[in-house]
Amino acid sequence: MQNYIKNWHVSEDADTEFDHEVILFTIVTEKVKLVENSLNTSYNLQKIDWKSFDIHLQKTKDEMIVKMQRITDLKAKVIYLTECIKNAMKLFVFKQRICVKSKLWWNNKLIEMRKALSSKKRIWKRCRNDEAWANVVQMWNSYHDAIKLIKNQFWINFLNNVKEKEVFQAYKFTKSRLVEKLSSIQNSQKELKIKFNEKCKAFLKAMYSSSLKIQINEELLLNESIQWSRVIEEEIKHVINFSASEKALKSNDMSFAIVQRAYKTILKIFNLVYSELIENDYHSKIWREGTEIILKKSDKSNYSISKAYRIITLLNCLDKVAEKIIAMQLSYTAELNDKLLNFDQMRDRKQRLTIDAVLNLVHNAQMAKSRENTLIYLLLDVKEAFDHVALKQLIKILIKLKILINLINWIKCFLQSRVIDLAFDDERQKSKKIITEIS
């Protein structure tokens, strides 16, 4: 029976009118199938023993470097790097256990007061006199008054010190953790599907259509294509250190906080792996696996069609590092060559923000007004109109732009042979290989 008991705790609020404590617990049998919420962080980053984590990696660093240099297969290098970090995680990084005391405002003072309350309860159970009971009541009141005060002070301090995007954390504190279950979904034949597996098939059919039959001429003259700079250590360092440490990640996967800490100790191994991968136009297969979360879009009239939902893809953080390095180099190349992007292109370009596009529009309007001209502007939701990009068509465009063949090969490798699993309605689909397009 012991193996089936989960999440047990002593109820502080239950009153039995006797000298017994009430223990609450959940019994999970083999017939009950549990799935993890993919958006929850699986590791408790606040209780990691970072010092011991660093010492462990430091002791094994020389051995890891020697073994990494002996490995010739790129896939094996990625697997070894992942195993090195995960071995340290098993020793010093602990899984997050959600319980009734898992609160951001919980602190050591409350822990000590809770211990004192338990101590006074034990004294009362031995003595059974009025004085001992009065001490229990007094400590009980002090304990709960302290909880109210600390919760209130935590909230006030948060609101006073919040900066920029952190203000949305207030919404996270107050919103419900539960989401409405997805309704029935139409498949390609307009038939409503209710079962989870049938919904998955409908979503996959809508999201990943078959590739278009486009003929591609891959015979490029490398001397005519744009030169692609080699990966330097500063780029890898910048990508890792400036990545958000609290990004949503795949369950049981390492976060950017762990990757950043590991990089400080074994940066030579990181530099070796990423340099070789990108220079050889290779993106590891284990990095081409992702979990896709299905979420409802707001204010849609019909939630039975797949376009009424949006997708959040949770990827491996080591995979994201490689993607960001490529994105940095591609952005740098685009800025140097004025033929790749239109001069008025604003999105995904350095030092060009939404406010710049608005100011540009206001300037044109003022110029037209001063010249007594009529100004007409057209706003298009391009992402909604072209929500799907065929891989072969993308490759054809890159060849036309004379992008270096190494980059084209990396993009083909990145988008091919991908594996995903859908997660919604508190269920998870088995991993499935897909014919990847960009959606």
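Here, every reference points to the structure presented above.
Residues numbered from 1 in each chain as written. Predicted model: local features only at pLDDT ≥ 70, side-chain atom pairs only at ≥ 80, totals over all residues. Heavy atoms only, no water.

A few points about the overall build of the protein chain
Then, in step 1: A tally of helices and strands in the protein chain yields 14 helices and 9 strands.
Then, in step 2: Across the 439 residues of the protein chain, 34% fall into the buried class.
Then, in step 3: The long-range share in the protein chain, meaning contacts at least 24 apart out of those at least 6 apart in sequence, stands at 68%.
Then, in step 4: Of the roughly 30200 Å² of accessible surface on the protein chain, 53% is carried by carbon and sulfur atoms. (Helix = DSSP H or I, 4+ residues; strand = E, 2+ residues; numbered from the N terminus. Buried < 20%, exposed > 50% of the residue type's maximum accessible area, 1.4 Å probe, protein only. Contact = heavy atoms within 4.5 Å. Areas by Shrake-Rupley, 256 points an atom, 1.4 Å probe, with all protein chains shown as cover.)

With respect to the pattern of salt bridges
Then, in step 1: Under the defined criterion, the tally for this structure stands at 2 salt bridges.
Then, in step 2: In this structure, Arg 261 engages Asp 54 in a salt bridge whose closest nitrogen and oxygen atoms are separated by 2.8 Å. Placement of the pair is Arg 261 in helix H8 (residues 256-265) and Asp 54 in helix H1 (residues 50-70), with a sequence separation of 207 residues.
Then, in step 3: You can call Asp 54 buried: its relative accessible area is 18%. (Salt bridge = Lys/Arg side-chain N within 4 Å of Asp/Glu carboxyl O.)

As for the side chain of Thr 82
Then, in step 1: One can find Thr 82 in helix H2 (residues 74-92).
Then, in step 2: At a separation of 2.9 Å, a polar atom in the side chain of Thr 82 contacts the main-chain carbonyl oxygen of Val 78. (Polar contact = N/O pair within 3.5 Å; in protein donor to acceptor, adjacent residues only side chain to side chain.)

Structural notes on the pairing of strand E7 (residues 418-424)
Then, in step 1: Most of E7 is tucked away, with 6 of its 7 residues classed as buried.
Then, in step 2: In this sheet, strand E8 (residues 427-428) lies alongside E7 in antiparallel orientation, the contact comprising 2 bridges. The residue of E8 that forms the bridge with Phe 424 is Glu 427.
Then, in step 3: Between the end of E7 and the start of E8, which pair antiparallel, lie 2 residues, with Asp 425 showing a positive phi angle near 55 degrees. (Pairing = 2+ DSSP bridges.)

Considerations on the nonpolar core
Then, in step 1: Of all hydrophobic cores here, the largest spans 59 residues; its most connected members are Phe 53, Ile 258, Phe 270 and Tyr 274.
Then, in step 2: Elements supplying a minimum of two residues to this core: H1, H2, helix H7 (233-241), H8, helix H9 (267-279), helix H10 (317-336), helix H13 (391-400) and helix H14 (405-415).
Then, in step 3: If one sorts the elements of this core by residue count, H2 sits on top with 9 residues.
Then, in step 4: Once residues within four sequence positions are removed from consideration, Phe 53 is found in contact with Ile 85, Ala 88, Met 89, Phe 92, Val 93, Ile 258, Arg 261 and Ala 262.
Then, in step 5: Leu 182, Leu 204, Ala 308 and Ile 420 belong to the second largest nonpolar core, which has 16 residues in total. (Core = buried A, V, L, I, M, F, W, Y, C linked by side-chain atoms within 4.5 Å.)

Things to note about the side chain of Ser 275
Then, in step 1: Relative to the assigned elements, Ser 275 resides in helix H9.
Then, in step 2: Separated by 2.7 Å, the side chain of Ser 275 and the backbone oxygen of Asn 271 make a polar contact.

Regarding a nonpolar patch on the surface
Then, in step 1: A cluster of nonpolar residues, Leu 353, Ile 355, Val 358, Leu 359 and Val 362, forms a patch on the protein surface that exposes about 450 Å² of accessible area.
Then, in step 2: Among the secondary structure elements, Leu 359 is positioned in helix H11 (residues 354-370). (Patch = residues over 30% accessible without salt bridge, like charges linked within 9 Å, V, L, I, M, F, W, Y side chains within 5 Å.)

Details of H11
Then, in step 1: With 17 residues, H11 extends 25 Å between its outermost C-alpha atoms, agreeing within 8% with the 24 Å of an ideal straight helix rising 1.5 Å per residue.
Then, in step 2: Phi turns positive, to about 60 degrees, at Glu 372, one or two residues after H11. (Expected span 1.5 Å × (residues − 1).)

Details of unusual backbone geometry
Then, in step 1: The phi dihedral of Arg 128 is positive, around 60 degrees, even though this residue is not glycine.
Then, in step 2: Positionally, Arg 128 belongs in the loop between helix H3 (108-127) and helix H4 (130-161).
Then, in step 3: Its identity is not glycine, yet Ser 417 carries a phi of approximately 55 degrees, on the positive side.
Then, in step 4: Inspection of the secondary structure puts Ser 417 in the loop between H14 and E7.

Comments concerning H10
Then, in step 1: Along its 20 residues, H10 runs 29 Å from first to last C-alpha, staying within 8% of the 28 Å computed at 1.5 Å per residue.
Then, in step 2: Within H10 the residues assigned to the buried category are Cys 317, Leu 318, Asp 319, Lys 320, Val 321, Ala 322, Ile 325, Ile 326, Gln 329, Ser 331, Thr 333 and Ala 334.
Then, in step 3: Looking at the buried side of H10, the elements it contacts are H2, H7, H8, H9, strand E6 (309-315) and H14.
Then, in step 4: One side-chain oxygen of the residue at the start of H10 lies 2.8 Å from the amide nitrogen of Leu 318, identifying that residue as Asn 316.

Quick look at the environment of Lys 392
Then, in step 1: On the secondary structure map, Lys 392 appears in helix H13.
Then, in step 2: The partly exposed category is assigned to Lys 392, whose relative accessible area is 37%.
Then, in step 3: On a C-alpha basis, the gap between Lys 392 and Lys 412 in space is 8.8 Å, while along the polypeptide they are 20 residues apart.

Side note on the packing of aromatic side chains
Then, in step 1: The full count for this structure, using the stated rule, is 9 aromatic pairs.
Then, in step 2: Between Trp 105 and Trp 106, the ring centres sit 6.0 Å apart and the planes meet at 55 degrees, which makes this aromatic pair tilted.
Then, in step 3: According to the relative accessible area criterion, Trp 106 is buried, its value standing at 18%.
Then, in step 4: An aromatic cluster of three or more residues is present, and its members are Tyr 263, Phe 270, Tyr 274 and Trp 287.
Then, in step 5: One Lys or Arg, Arg 128, reaches over the ring of Trp 124 and ends 4.3 Å from the middle of that ring.
Then, in step 6: Of note, Arg 418 hangs over the ring of Phe 414, and the distance from its end group to the ring centre comes to 4.7 Å. (Phe/Tyr/Trp six-rings, centres within 6.5 Å; stacked < 30°, edge-to-face > 60°. Lys NZ or Arg CZ within 6 Å of the ring centre and 35° of its normal.)

A few points about the pairing of strand E5 (residues 289-296)
A regular strand places its side chains so that they alternate between the two faces of the sheet.
Then, in step 1: Alignment of E5 against E7, held across 5 bridges, turns out to be parallel. Bridge assignment links Glu 289 to a residue of E7, and that residue is Val 419.
Then, in step 2: Both E5 and E6 contribute to a ladder of 7 bridges, which runs antiparallel. What sits directly across from Glu 292, in E6, is Thr 313.

With respect to the environment of Asn 141
Then, in step 1: With respect to the helices and strands, Asn 141 occurs in helix H4.
Then, in step 2: Separated by 24 residues in the primary sequence, Asn 141 and Leu 117 have C-alpha atoms spaced 9.9 Å apart.

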